[in-house]
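Report on the structure
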Amino acid sequence: MLVSGSEILLKAHKEGYGVGAFNFVNFEMLNAIFNAANEAQSPIIVQASEGAIKYMGIDMAVGLVKILSARYPHIPVALNLDHGTSFESCKKAIDSGFTSVMIDASHHCFEENVAITKEVVEYAHSKGVSVEAELGRLMGIEDNISVSEQDAVLVNPDEAEEFVKQTQVDCLAPAIGTSHGAFKFKGEPKLDFARLQEVKRRTNIPLVLHGASAIPEYVRESFLSTGGDLKGSKGVPFEFLQEAVKGGINKVNTDTDLRIAFMAEVRRVANADPTQFDLRKFFTPGMEAMQKVIVERMKILGSAQKI
Ligand code: G3H
Ligand code: 13P
Ligand code: ZN
């Protein structure tokens, strides 16, 4: 059943587990996410970026989610706009049927971030839609970074408390050292868990981890073994994801892992039979590989069997 983001996240916040927020750009990715949720009996957040919406068309993005949620009526699902860049973009998503929006004004100064987020919250709440915002910048913590440099980049707990008070946002993405994509850490993986715990204590709302792909060894290996190149790639280790959930993360944004797992299988089929051109022969193993990664993630985050 399609529900608001808050309905899924407040339960996770109360019971102390994380829900995967998985990106999709087409039917195949979305189908794999729903199949995984059904296999693991887990709630899900599915999300489309502005780029994904441009690729699919907003009517297609919403339509696909509505069709699949009707196929699996027992699965609580929220449809989130990932990294909305303006009030207009969030309004368009809300008016089209999204049940959650992220307004990402984190690159603006604090006051402007508050002002833009407040405007989105007011409109979204009048339509029963929940809102996510972000504080700090998403980038890896370098080994030799000083405390003051770290303070300049990562979320400030004082600001987080004030931000939530002023905006009444439903959930918050605090920058604690992750980044998007396959190359998250130059040295050893490092996240600022103390900062996360402080933000949770001060805000007491569901928190979001962006850039949460783990790139497990078997996923990396599947891509490399088909001739793919992921040199220098590093994800967030599973133990870190679990520690993040313990520290108050309830929404765990995951895209890169799904892309790599899916595309490794496409590459495998293409390599094995250069004469093959039936799309289904490529996409079926792609969806199966994605489903396996997602089911495993649901178990790690604690959302499996939470329906
Ligand atoms: O956070 C970014 C997501 O992985 C979506 O990426 O803008 O390439 O669709 P995208
Ligand atoms: P990854 O690139 O780690 O999958 O992060 C995705 C994300 O944060 C989407 O908002
Ligand atoms: Zn993100």
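Residues numbered from 1 in each chain as written. Chains lettered and ligands numbered in written order. Predicted model: local features only at pLDDT ≥ 70, side-chain atom pairs only at ≥ 80, totals over all residues. Heavy atoms only, no water.

Our next topic: the overall build of the protein chain. Scanning the protein chain for helices and strands turns up 13 helices and 8 strands. Against the compact-globule benchmark of 19 Å for 307 residues, the protein chain has a radius of gyration of 19 Å, which places it among compact chains. When its C-alpha atoms are laid out on the principal axes, the protein chain stretches across 60 × 45 × 35 Å. Counting every position in the protein chain, which comprises 307 residues, the buried fraction comes to 59%. (Helix = DSSP H or I, 4+ residues; strand = E, 2+ residues; numbered from the N terminus. Rg over C-alpha atoms; globule rule 2.2 N^0.38 Å. Buried < 20%, exposed > 50% of the residue type's maximum accessible area, 1.4 Å probe, protein only.)

Turning our eyes to something else, we now look at unusual backbone geometry. A positive phi angle is found at Ile 215, which is not glycine, with a value near 45 degrees. Topologically, Ile 215 is positioned in the loop between strand 7 (207–209) and helix 10 (217–224). At Gln 305, a position not held by glycine, the phi torsion is positive, near 65 degrees. By the secondary structure assignment, Gln 305 is in the segment after helix 13 (279–301).

On to the packing of aromatic side chains, then. Within the structure shown, the criterion is met by 5 aromatic pairs. Ring geometry for Phe 262 against Phe 283: centres 5.8 Å apart, planes inclined by 45 degrees, an arrangement best described as tilted. With Phe 262 in helix 12 (residues 256–272) and Phe 283 in helix 13, the pair connects residues that are 21 residues apart, well separated along the chain. Classification of Phe 262 by relative accessible area gives buried; the value is 7%. Residue Phe 283 is classed as partly exposed on the basis of its relative accessible area of 26%. (Phe/Tyr/Trp six-rings, centres within 6.5 Å; stacked < 30°, edge-to-face > 60°.)

Neighbouring ligand 1 are the residues Asn 23, Ser 49, Asp 82, His 83, His 180, Asp 255 and Arg 259. In this structure, an oxygen atom belonging to ligand 1 sits 2.6 Å away from a side-chain N or O atom of Ser 49. For ligand 1, whose unbound accessible area comes to 310 Å², protein coverage reaches 64%. More than half of the atoms belonging to ligand 1 lie within 2 Å of the grid points that define the largest pocket. In terms of residue class, the shell around ligand 1 is built from no nonpolar, 4 polar and 3 charged. (Near = heavy atom within 4 Å. Polar contact = N/O pair within 3.5 Å; in protein donor to acceptor, adjacent residues only side chain to side chain. Areas by Shrake-Rupley, 256 points an atom, 1.4 Å probe, with all protein chains shown as cover. 1 Å grid on protein atoms, 1.4 Å probe; cavity = no way out; pocket = protein on both sides within 12 Å on 5 of 7 lines; lining within 4 Å. Sits in = over half its atoms within 2 Å of the grid points. Nonpolar A, V, L, I, M, F, W, Y, C, P; charged D, E, K, R; others polar.)

Another point: the site of ligand 2. As a structural note, the neighbourhood of ligand 2 is formed by 15 residues, with Asp 82, Lys 184, Ser 213, Asp 255 and Thr 256 the closest of them. Within the side chain of His 83, one N or O atom sits 3.2 Å away from an oxygen atom of ligand 2. Asn 253 places a polar side-chain atom, nitrogen or oxygen, 3.0 Å from an oxygen atom of ligand 2. Protein chains bury 97% of the 310 Å² of accessible surface belonging to ligand 2 in isolation. A majority-of-atoms criterion places ligand 2 in the largest pocket. Looking at the shell around ligand 2, the elements with two or more residues in it are strand 3 (77–84) and strand 8 (249–254).

Taken together, the protein donors to the zinc ion (ligand 3) comprise His 83 (NE2), His 180 (NE2) and His 210 (ND1), at separations of 2.0 to 2.1 Å. The sequence pattern describing where the donors of the zinc ion (ligand 3) fall on their chain is H-x96-H-x29-H. Of the two residues, His 83 is situated in strand 3 and His 210 in the loop between strand 7 and helix 10; the sequence distance between them amounts to 127 residues. (Donors = N, O, S within 2.8 Å, 3.2 Å for Na, K, Ca; no water.)

The positions that UniProt labels "binding site: dihydroxyacetone phosphate" (unreviewed entry) are, in the present scheme, Gly 181, Gly 211, Ala 212, Ser 213, Asn 253, Thr 254, Asp 255 and Thr 256. For the residues just named, distributed over 76 residues, the greatest C-alpha separation is only 11.2 Å, placing them together at one site. Within this annotated set, the largest pocket is lined by Gly 181, Gly 211, Ala 212, Ser 213, Asn 253, Thr 254, Asp 255 and Thr 256. Within the element layout of this structure, Asn 253 appears in strand 8. For Asn 253, a relative accessible area of 6% corresponds to the buried category. Beyond its immediate stretch of four places on either side in the chain, Asn 253 contacts Ala 21, Gln 47, Asp 82, Val 208, Leu 209, His 210, Gly 211, Ala 212 and Ser 213. Polar side-chain contacts of Asn 253 include one of 3.1 Å to the side chain of His 210. Here Thr 256 is to be found in helix 12. For Thr 256, the residues in contact, after removing those within four places along its chain, are Gly 181, Ala 182 and Ser 213. (UniProt positions renumbered as here; feature names shortened; annotations may be inferred. Contact = heavy atoms within 4.5 Å.)

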